[in-house]
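# Results of the structural survey
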Amino acid sequence: MKKTSFICLFLSIFGLFFLPCCHRNNVVPSIRRDDLFSLKYGSFENQLNLFDLSEIGNNINTTIAMKNGFFYISNGESKKILEMNSYGDLLTLYYNSQKNPSPLFNSSNINATGNQVKTQEISTKKIIDYPLNNPSHICVDSRQLIYVVELYPEQQFETDNNRTLRQIVLRFDGNQCIGHIGQQGPGGTPFPFIKNIYTTANNELVVICIVPEGLEVFWFSESGYPLHNILINSNDAPNPLSDKTDTSVFLKVENVIPDSRDSKLYVKIDYFNTLIDETSKIQSGIEYNSTYIYPLDAVSGKYGRPIVIPAYEEVITQGFSKQVFKCPYDFLGISENDWMFFTIPTEQGYVVQIVDLSSSKIIKRLLQFDNEKVVYHNFSLSGEGIISALLATKEKAEVVWWRTDSLIDALLKS
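Every value quoted in this text rests on a predicted model; they were computed, and no experiment measured them.

Turning our eyes to something else, we now look at the pattern of salt bridges. Applying the stated criterion across every chain yields a total of ten salt bridges. Here Asp141 makes a salt bridge to Arg143, at a shortest N to O gap of 2.7 Å. The exposure class of Asp141 is buried, given its relative accessible area of 0%. With relative accessibility at 38%, the residue Arg143 sits in the partly exposed group. Of the charged contacts, one joins Lys268 and Asp270 as a salt bridge, the two residues approaching to 2.8 Å between their closest N and O atoms. You'll find Lys268 and Asp270 in the same group, each marked buried. By sharing partners, the salt bridges in this structure join Asp141, Arg143 and Glu222 into a single network.

Printed below as a string of C-alpha cells:
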C-alpha cells in the first residue's frame, strides 16, 4: 500500500502552506515503465476484486510477485491466487469455489488483454480448488513453489509474550496445496502478524513478523524446517548516535530483508532527534536524523558494520531562500547481486534509490505514475533487480515493471 513518512508529509505540507510562491528543486530522471497488461474488476477468473477501494480506511490484501517473467497475484478480497504470464494470460488459478463462480472456460473466453482465447489455449490452464480465506503476501522460489500468507482458522494467544497468533504460510506446488508452514515448520503453530515473506536463492523461506518487541524472523530450510529464529528487539538495537548528542535519540526498526545466499539479514534503522522547545525547555517533537543498514548474522545474532543510507531531500526555494527537508526512504529489498533498493513517494510517483552494498555507489530514478489516479499499489522486487508493481485505479488494475536491472548493467559497463 501507499506508505508516506508522516514527518516528511508534515514538512511538505508545512512548506507548501507557508511558501505559496515556492518551487521544488528535486529533478530526478525517470526510468522507462513497461505497461504489461491490465485486469478488470469483477468476480470472474481473470478479474480482481478490489471493490473496497471505494471505502476509505479499508486494508487491501492484494499483493504481487514476479519470478522469471511470470506474475503471481494474491487477491485476498476474492480469495484466489492468479499465475499469469507477462501478456496477462491466466495460467493457473487457485480459488475458493465456495466464494467464486466456476471458471468460464469455453471458446468465447476472454483473457486479461481483452482478446479471444482459442480452445487449445484454454486447455493449458490449470484450476486448483482450495478453501482460501484471506491470502495476502506472496512469493515464489526457483522450483516455482508458491508461498502465500493465510489466516489460520483458529486464533491463538501467547500469554507469556502477549502475542496473537493467527497467520500461517501455505505452500502450493502447481497442482495442489502441500500443507502450511508455522513457527515450528510444516504443520506448526501460527505466526504473529506477518510483515512480509521472502525466498532465497537456496529456496529457503524467510518470514518477517511484527511483535511487541520489534521484529521477529523465522528462517526455514528448503524442506520447510526451522534454521534460524532471530528477535530484533528495538530496545537492544544499535544506536550510534546516543553518545553524540545531549538530547535523546529515538530509533525505529523499519524493515528487515534477508540475504539471498548467506544466512544474513539487513536491518534498516531510522534515527530521530528530540526537539526541545527553547522557551519551555520541554520536548516538543522529534526530527529525522539518519538511516543505517546493519548486516546481522542469523546464526550468531551479531550486528556487523553499518552502512549509512542517504536521506531523501525535499528542497523548497523561494527567491533567494532555500529550505531542505530530509526524509527516510522505505527499504524495498536487495537483489542477488547486492544492490539495495529504497523507495519514497513523490508527486510524480516514487523515487527509487539503489545503493551498491560493496561500493556504496548510488543510483536514483523516478518510477513515474499518476498518484492522483492510482488509489492502491503494491511493489515487488525480483532477484535480478526488476521492480514490478500492481497499480490499481478506479477503473482497472495495471501490471507494470521497470527494468532497473538493465539500468544497473548499463551503468556498470559504461
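Before going further, it helps to spend a moment on the nonpolar core. Core analysis: the biggest nonpolar cluster contains 39 residues, and Val217, Ile232, Val253, Val256, Val267, Met340 and Phe342 have the highest contact counts within it. The element contributing the most residues to this core is strand β18 (residues 264-276), with five residues. Look past the residues within four positions of Met340 in its chain and what remains in contact with it is Ile293, Ile307, Ile309, Phe331, Gly333, Ile334, Gln353, Ile354, Val355 and Leu357. Of all hydrophobic cores here, the second largest spans 22 residues; its members include Leu50, Leu82, Leu93 and Leu390.

Counting through the fold element by element, Ser78 comes out in the loop between β4 (70-75) and β5 (80-84). For the pair Ser78 and Asn96, spaced 18 residues apart in sequence, the C-alpha separation works out to 8.3 Å. When near neighbours in sequence (up to four residues on either side) are disregarded, Ser78 contacts Asn49 and Asn100. A polar contact of 2.5 Å, which involves the side chain of Ser78, links it to the side chain of Asn75.

Right, let's talk about the confidence of the model for the protein chain for a bit. Residue-level pLDDT values for the protein chain average 87, and 86% of them are 70 or greater. In this model, residues 9-23 is a region of pLDDT below 50 whose contacts with residues beyond four sequence positions or in other chains number 18 contacts. Considering only residues more than four positions removed or in separate chains, one finds that residues 106-122, a stretch of pLDDT under 50, has 29 contacts.

Strands sit in the order β2-β29-β28-β27 across an open sheet of four strands; the sheet is antiparallel. The open sheet is flanked by β2 (33-39) and β27 (376-381), the only strands paired with a single partner. Direction aside, neighbouring strands of the sheet carry axes that sit 20° apart on average. Note: β2 against strand β29 (residues 397-402), six bridges, orientation antiparallel. Residue pairing for β29: Leu39 is matched across the bridge by Ala397.

As a further point, take unusual backbone geometry. Even without being a glycine, Lys79 presents a positive backbone phi close to 60°. Relative to the helices and strands, Lys79 resides in the loop between β4 and β5. The phi angle at Asp338 is positive, at roughly 70°, despite the residue not being glycine. Mapped onto the secondary structure, Asp338 falls in the loop between β23 (330-334) and β24 (339-346).

Within the structure shown, the criterion is met by 15 aromatic pairs. Each ring, one from Phe272 and one from Tyr288, has its centre 5.8 Å from the other, and the planes form 65°; the classification is edge-to-face. Here Phe272, found in strand β18, pairs with Tyr288, found in strand β19 (residues 283-297); they are 16 residues apart in sequence, far enough to count as distant. Judged by relative accessible area, which is 7%, Tyr288 ranks as buried. For the ring pair Phe379 and Trp402, a centre distance of 6.2 Å and an interplane angle of 65° mean the geometry is edge-to-face. Of this pair, Phe379 sits in strand β27 while Trp402 is found in strand β29, placing the two residues 23 residues apart along the sequence. For the pair Phe379 and Trp402, a shared accessibility class is recorded, and that class is buried. In this structure an aromatic cluster arises from ring pairing among Tyr271, Tyr292, Tyr294 and Tyr303. For the cation-ring pair, Arg403 lies above Trp401, with the distance from its terminal atom to the ring centre recorded as 5.5 Å.

Cut-off values and rules
- Along each chain, residue indices are assigned from 1 in the same order as the chain's sequence is written.
- Note on the predicted model: pLDDT of at least 70 is required for a residue's local features to be given, and 80 or more for side-chain atom pairs to be given and counted; whole-chain, interface and lining totals, by contrast, use all residues.
- In computing side-chain properties, one takes all heavy atoms of the structure into account and sets aside hydrogens as well as water.
- The rule for a salt bridge is simple: a side-chain nitrogen of Lys or Arg has to be within 4 Å of a carboxyl oxygen of Asp or Glu.
- Whether a residue is buried, partly exposed or exposed follows from its accessible area with a 1.4 Å probe, protein chains only, as a fraction of its type maximum: under 20%, in between, or over 50%, in that order.
- Buried residues of nine kinds, namely Ala, Val, Leu, Ile, Met, Phe, Trp, Tyr and Cys, make up a nonpolar core once their side-chain atoms join them within 4.5 Å.
- Runs of H or I in DSSP of at least four residues are treated as helices and runs of E of at least two as strands, each being numbered from the N terminus.
- Residues count as neighbours in contact if any of their non-hydrogen atoms are within 4.5 Å of one another.
- As used in this structure description, the phrase polar contact means that two N or O atoms lie within 3.5 Å; if the pair is within protein, one of them must be able to donate a hydrogen and the other to accept it, and residues adjacent in sequence are counted only when both atoms belong to side chains.
- What pLDDT conveys is the predictor's confidence in a given residue, as a value from 0 to 100.
- Think of it this way: DSSP has to see at least two bridges between two strands before they count as a pair.
- Lines fitted to C-alpha atoms define the axes here, with helix axes fitted over just the stretch in contact, and angles between the N-to-C directions of these axes take values from 0 to 180 degrees.
- Working definition: a ring pair exists when centres of Phe, Tyr or Trp rings (six-membered ring for Trp) sit within 6.5 Å. Plane angles under 30 degrees give stacked, over 60 give edge-to-face, the rest tilted.
- Charge-over-ring placement is defined geometrically: NZ (Lys) or CZ (Arg) within 6 Å of the ring centre, and within 35 degrees of the ring normal.

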